[in-house]
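Per-entry structural report
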Amino acid sequence: MCSSDLMPLAAIALASLAGAAAEVYFEEDFSGNWEKTWVTGSPAGKEMGKWAVTPGKWFVDEEVNKGLQVTEDMRFHSLTAKMPKKASSKKKDLVLQFSAKIENHQYAFCGGGYIKLMGDGLKQETFGGDDPYHVMFGPDLCGYDVSHIHAIFGHKGENLLKTEKVSLEYSDKNEYTHLYTLHIKPDGTYEIFFDLESKAAGKLVEDWPFPKPEIDDPEDKKPDDWVEETEIDDPDDKKPDGYDDIPAQIADPDATKPEDWDDEDDGEWEPPLIDNPDFKGEWQAKKIENPAYKGEWNPKQIPNKDYVKGEQLAAFDAKYIGFELWIVNNGTIFDNILVTDDIEYAKKQGEKLWRPTSKGEKEVKEKWDKENKPEGEDGEDGEDGEDGEDGEDGED
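Since this is a predicted model, take the numbers as computed values, not measurements.

1. Considering the overall build of the protein chain
- Per the secondary structure count, the protein chain includes five helices and 23 strands.
- Counting only residues that meet the buried cut, the protein chain has 44% of its 396 residues in that class.
- Nonlocal contacts in the protein chain, meaning residues at least 24 apart in sequence, comprise 75% of its contacts between residues at least 6 apart.
- In the form shown here, the protein chain has an accessible surface area of approximately 22000 Å², with 46% of it arising from carbon and sulfur atoms.

Have a look at this one:
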């Protein structure tokens with residue numbers, strides 16, 4: 001991208017050349033004077049880490065792959081930029097996109113790489129985890145099992161997490177550069193992309209705990225005689241005579257007393273026990289449909305006083321964009337940040353800026369490993385000499 005002075009005009013020009021009516025609110029690739037655009041934050045009582053612009057230890061194109069890197073272990077990292085144009089999702093689409101390369105990733109790595117959009121009035125110099133935001137979006141990786149994308153909306157003083165996680169494949173949790181895209185639509189729907197492939201889509205009101213039109217009536221109680229059991233024991237089914245007399249184990253009929261067995265010295269020989277094939281366990285009557293079953297009880301629904309009919313969800317004006325992270329293992333590189341109202345423009349920029357890097361990274365990483373691995377070690381993907389201890393992003 002261009003320097004902060006030329007950024008808005010350049011971005012709009014690019015969109016026009018693409019033949020699209022895209023409105024670009026913010027676009028950054030850290031090729032210009034990034035320190036003129038971005039402000040480091042230092043919340044009270046926090047040990048803060050430094051940021052740097054670098055392509056990392058290995059890269060496809062040294063200039064193109066330059067991005068914003070967290071450089072210190074066990075430190076908070078805070079950085080924000082005031083967007084030259086107010087980004088709005090009110091009655092229009094909003095797309096938030098960026099790439100993240102967790103260069104020092106190992107498969108025991110824990111950490112998040114979230115970007116935030118904030119409203120007017122933010123104090124950039126003290127930006128921290130307690131400051132309100134409109135949306136927080138990005139990857140959350142931890143250990144061998146956790147691998148998903150967070151999308152959290154600020155709504156009337158609450159931070160709303162998605163009710164079902166946007167899971168990633170195990171193979172997606174690696175040290176290569178990945179592209180994350182959130183598309184918020186004015187009709188109350190959304191879509192989340194990972195590497196330009198759709199990972200989740202639906203309605204905001206259904207997939208986040210936004211106020212619903214109706215809620216359970218807190219005064220409605222389940223009747224004492226409500227029957228929820230779908231099946232009951234068949235009263236006509238009787239236990240067979242002698243059922244309880246069948247032992248669980250019997251003497252092995254094929255066992256024979258050893259020839260050297262001495263009853264006087266060894267005691268009376270008894271064959272070993274084996275499971276009884278005729279034993280069927282504790283007897284239970286067969287089940288039949290319960291004629292008294294009334295179905296699953298649910299409280300009646302009443303209008304939700306917090307629901308506003310016709311209100312557009314996730315509708316906001318954003319003036320600032322930034323990162324607020326707790327970093328255990330340094331090295332993550334953020335790049336190609338984009339805020340626009342056009343998903344097609346975002347996809348086009350992803351193909352232009354991210355796709356070539358994605359295609360070439362594995363080869364250059366393997367070459368770097370071969371050239372830099374300690375003597376006597378095989379060097380595996382993800383083993384970059386970092387300690388790989390657990391980390392987290394610092395969000396509640």
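2. A few points about the pairing of strand β1 (residues 24–28)
- Along β1, five of the five residues are buried, which leaves the element largely enclosed by surrounding structure.
- Across four bridges, the pairing between β1 and strand β23 (residues 332–340) is antiparallel. From the neighbouring strand, E28 faces β23, where its bridge partner is I337.

3. Topic: the side chain of D234
- Tracing the backbone through its elements, the reader meets D234 in the loop between β17 (231–233) and β18 (249–251).
- With residues up to four places along the chain from it excluded, the contact list for D234 reads A285, K286 and I288.

4. Considering the nonpolar core
- By size, the foremost hydrophobic cluster in this structure holds 47 residues, and its most contacted members are W38, L117, I321 and V339.
- When neighbours within four sequence positions are excluded, L117 is seen to be in contact with M83, L94, L96, Y133, H134, V135, F316, A318, Y320, I321 and V339.

5. Regarding the confidence of the model for the protein chain
- A residue-level look at the protein chain finds 87% of positions with pLDDT of 70 or above and a mean pLDDT of 88.
- Throughout residues 1–9 the model reports pLDDT below 50, and contacts reaching past four residues in sequence, or to other chains, amount to 21 contacts.
- Scored below 50 in pLDDT, residues 15–19 shows four contacts in the model against residues more than four places distant or in partner chains.

6. A few points about the packing of aromatic side chains
- As enumerated under the stated definition, the model contains 15 aromatic pairs in all.
- With a centroid separation of 5.9 Å and an interplanar angle of 75 degrees, the aromatic rings of W58 and Y176 are classed as edge-to-face. Placement of the pair is W58 in the loop between β3 (51–54) and β4 (67–70) and Y176 in the loop between β12 (166–167) and β13 (177–184), with a sequence separation of 118 residues. Across the pair, exposure class does not vary: W58 and Y176 are buried alike.
- A connected cluster of aromatic rings, assembled from ring pairs, spans F26, F30, W38, W51, F98, F137, Y180, F194, F323 and F334.
- The positively charged end of K101 is found above the aromatic ring belonging to W58, 3.9 Å away from the centroid.
- Seen from the ring of W208, K162 lies directly overhead, with NZ or CZ sitting 5.6 Å from the centre.

About the thresholds
- Residues numbered from 1 in each chain as written.
- Predicted model: local features only at pLDDT ≥ 70, side-chain atom pairs only at ≥ 80, totals over all residues.
- Heavy atoms only, no water.
- Helix = DSSP H or I, 4+ residues; strand = E, 2+ residues; numbered from the N terminus.
- Buried < 20%, exposed > 50% of the residue type's maximum accessible area, 1.4 Å probe, protein only.
- Contact = heavy atoms within 4.5 Å.
- Areas by Shrake-Rupley, 256 points an atom, 1.4 Å probe, with all protein chains shown as cover.
- Pairing = 2+ DSSP bridges.
- Core = buried A, V, L, I, M, F, W, Y, C linked by side-chain atoms within 4.5 Å.
- pLDDT = per-residue confidence, 0-100.
- Phe/Tyr/Trp six-rings, centres within 6.5 Å; stacked < 30°, edge-to-face > 60°.
- Lys NZ or Arg CZ within 6 Å of the ring centre and 35° of its normal.

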